[in-house]
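Fold and geometry: a report
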Amino acid sequence: MPTGRLYGVGLGPGDPSLLTVRAVEVIGAADVVAYHSARHGRSIARSIAERHLRPGQIEEPLVYPVTTETTDHPGGYRGALEEFYEKAAARLAAHLDAGRTVAVLAEGDPLFYSSYQHMHKRLAHRYPTEVVPGVTSFSAAAARLGRPLVEGEETLTILPGTLPEEELTARLAQADSAVVMKLGRTFPAVRGALERSGRLAEARYVERATMSGERTGRVADVDPESVPYFSLAVLPSRVASHGGVLSDADAAARANAAGRGEVVVVGLGPAGPLWLTPEARGALAAAEDVVGYTTYVDRVPVRPGQERHASDNKVESERAEFALDLARQGRRVAVVSSGDPGVFAMASAVLEVAAEDPYREVPVRVVPGMTAAHAAAARAGAPLGHDYAVVSLSDRLKPWEVIAERLRAAAAADLVLALYNPGSRSRLWQVGAARDLLLEHRAPETPVVMARDVGGPEESVRVVRLGELDPAEVDMRTLLIVGSTQTRTARRGEDGAERIVWTPRRYPEG
């Protein structure tokens, strides 16, 4: 005997006039109409579809046993729901086995944070199934706000408010645009995450979009006690806030922010976007101006309305002063550095200038990034597993005599060494000099990690012996990690092709 057909029917955000033609057709023709409800028996889904129900249809209210996480079920809240979904699916399966068509109503879209999904997972592989999409609540919210969600190359992040506040903060900090669903009792944590991520001023609130009792406004102005479950927070497109046409409210907010500029020194990590932290992504997205060495500015995604100021790598003090002057004009400025900005990079240059008049009052923050040394070490194994020192071989800003003295001290102390800026077209001899100096304290067999362009398209990581280190194979894109007397190497894999390097955490006694 042929079975009935299962339909998951999206009802849209609440206004019955936003039902699709297909949804109306399916609801009117179904033998059985099922819908979820709380124990009070009222169903928002049924109320949306009510005008399209017909006499003689079988209605199957699927009544949740719990509406909060408080329950005496032996399996807890999750166990109670799993049992409910199994029983509900069995009830619908009985109709389908009898040859009846079953339409399961779902607010919004059936496959977007919908209770229908639990029926779909249990039944769709057993019966012919069609999902009828619906207008999502966040689409309705954007329409009610009259604000684009995303433009150009922006991305949209959808988040449940039930995430831990710290996780929400991290994700909101790095998002272009975002929607936070499922507010209600989660609203205080969502508001806190928006504030901690620096996004509260731009966040909008939408309650019951397209339904009676609809309310919109700024998240910052909403009383937490008044927030129902059917509400969400929206971070609209940033394109308008970076030079596009602003609403009167947004223009007023920008005017109020004048004179409150800041400089954020941002670490980009050693290579592309995979190495960026969420905090760094957020700082770059929020900036009105990006300042830095041309190579590093080119790694920052282009955003409409955002000004980019690239310069030569030999003008660090001038670059810092330029960024601070922009901030004094009320601009939000991101000064970018490769790796971590506090390791041979722009953070010290900015802070040195910021410590003097007239910049003492300009807010300055440093956003850390993955260092080149740590990235290179991870590719090789764990050569920095014990005490280590970091030294730049560039003698452009300090005399070679100082570099040599520090190399001797670190080598005598048996520290692993991470060597930055080992060589360039104009500096050809320093690597050889450093090698010879270190050989006074280390055996020629000491492992040296040669890591070039880690994370980039020309990445190369090799392990050589200190005595065989060839300066001709080293350039400014290479970082060297010289092992201590305790650093070990081994080959792994069936053919021994993988070579790993590590420095044990335990140091020999005596």
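Residues numbered from 1 in each chain as written. Predicted model: local features only at pLDDT ≥ 70, side-chain atom pairs only at ≥ 80, totals over all residues. Heavy atoms only, no water.

1. As for the nonpolar core
This is how it is decided: Residues grouped as a nonpolar core are buried Ala, Val, Leu, Ile, Met, Phe, Trp, Tyr and Cys residues, joined through side-chain atoms within 4.5 Å. Exposure classes here rest on a 1.4 Å probe applied to the protein chains alone. A residue is buried below 20% of its type maximum, exposed above 50%, and partly exposed in between. Secondary structure is summarised from DSSP: a helix means a run of H or I of at least four residues, a strand means a run of E of at least two, and numbering begins at the N terminus for each. When checking whether two residues touch, look at their non-hydrogen atoms; a contact exists if any pair is within 4.5 Å.
Counting 23 residues, the largest nonpolar core has Leu407, Leu417, Leu419 and Leu480 as its most contacted members. When residues in this core are grouped by element, the largest group, six residues, is from helix α14 (residues 400-412). Setting aside residues up to four positions removed in sequence, leucine 417 forms contacts with Ala389, Val391, Leu407, Ala410, Leu438, Leu480, Ile481 and Val482. By size, the runner-up hydrophobic cluster in this structure holds 21 residues, among which are Leu6, Leu62, Tyr116 and Tyr127.

2. Some words on the packing of helix α3 (residues 76-97) against helix α4 (residues 116-123)
The condition is simple: As a rule, the C-alpha atoms of each element are fitted with a line to give its axis, helices using only the stretch in contact, and angles between N-to-C directions run from 0 to 180 degrees. By the definition used in this description, the sense in which the near helix is turned from the far one sets the handedness, with an anticlockwise turn below a right angle giving left-handed and a clockwise turn giving right-handed. Lys, Arg, Asp and Glu make up the charged group, whereas Ala, Val, Leu, Ile, Met, Phe, Trp, Tyr, Cys and Pro make up the nonpolar group; the residues left over, Gly among them, are polar.
In contact at an axis separation of 9 Å, α3 and α4 are set at 60° when each is read in the N-to-C sense. In terms of crossing hand, the pair formed by α3 and α4 is right-handed. Residues Glu82, Tyr85, Glu86, Ala88, Ala89, Leu92, Ala93 and Leu96 of α3 form the contact with α4, whose own contacting residues are His118, Met119, Arg122 and Leu123. Classifying every residue of the contact of α3 with α4 by side-chain character gives eight nonpolar, one polar and three charged.

3. So, the sheet that holds strand β16 (residues 381-382)
So the rule is basically this: Any two strands between which DSSP finds at least two bridges are classified as paired.
Spatial strand order, β16-β23-β22: three strands in an open sheet with mixed pairing. Lying at the two open borders of the sheet, with one neighbouring strand each, are β16 and β22 (488-492). Where β22 and strand β23 (residues 498-502) come together, five bridges link them in antiparallel fashion. Note on β23: the bridge partner recorded for arginine 488 is tryptophan 502.

4. Focus: the confidence of the model for the chain
The following threshold applies: The predictor attaches a confidence to each residue, and that confidence, scored 0 to 100, is pLDDT.
Considering every residue of the chain, the mean pLDDT works out to 91; 94% of them sit at 70 or more. Across residues 242-246, where pLDDT falls below 50, the model places 16 contacts with residues more than four positions away in sequence or in other chains. Counted against residues more than four places away or in other chains, residues 254-259, with its pLDDT under 50, gives five contacts.

5. Remarks on α3
Using the following cut-off: Expected helix span is computed as 1.5 Å times (number of residues minus one).
Helix length check: α3, at 22 residues, gives a terminal C-alpha distance of 32 Å against a target of 32 Å (1.5 Å per residue), a fit within 8%. Of the positions making up α3, those classed as buried are Gly79, Ala80, Leu81, Phe84, Tyr85, Ala88, Ala89, Leu92, Ala93, His95 and Leu96. Looking at the buried residues of α3, the elements they touch are β1 (6-10), β2 (32-37), β3 (58-63), β4 (102-106) and α4. Two residues or fewer past α3, glycine 99 is found with a positive phi of approximately 90°.

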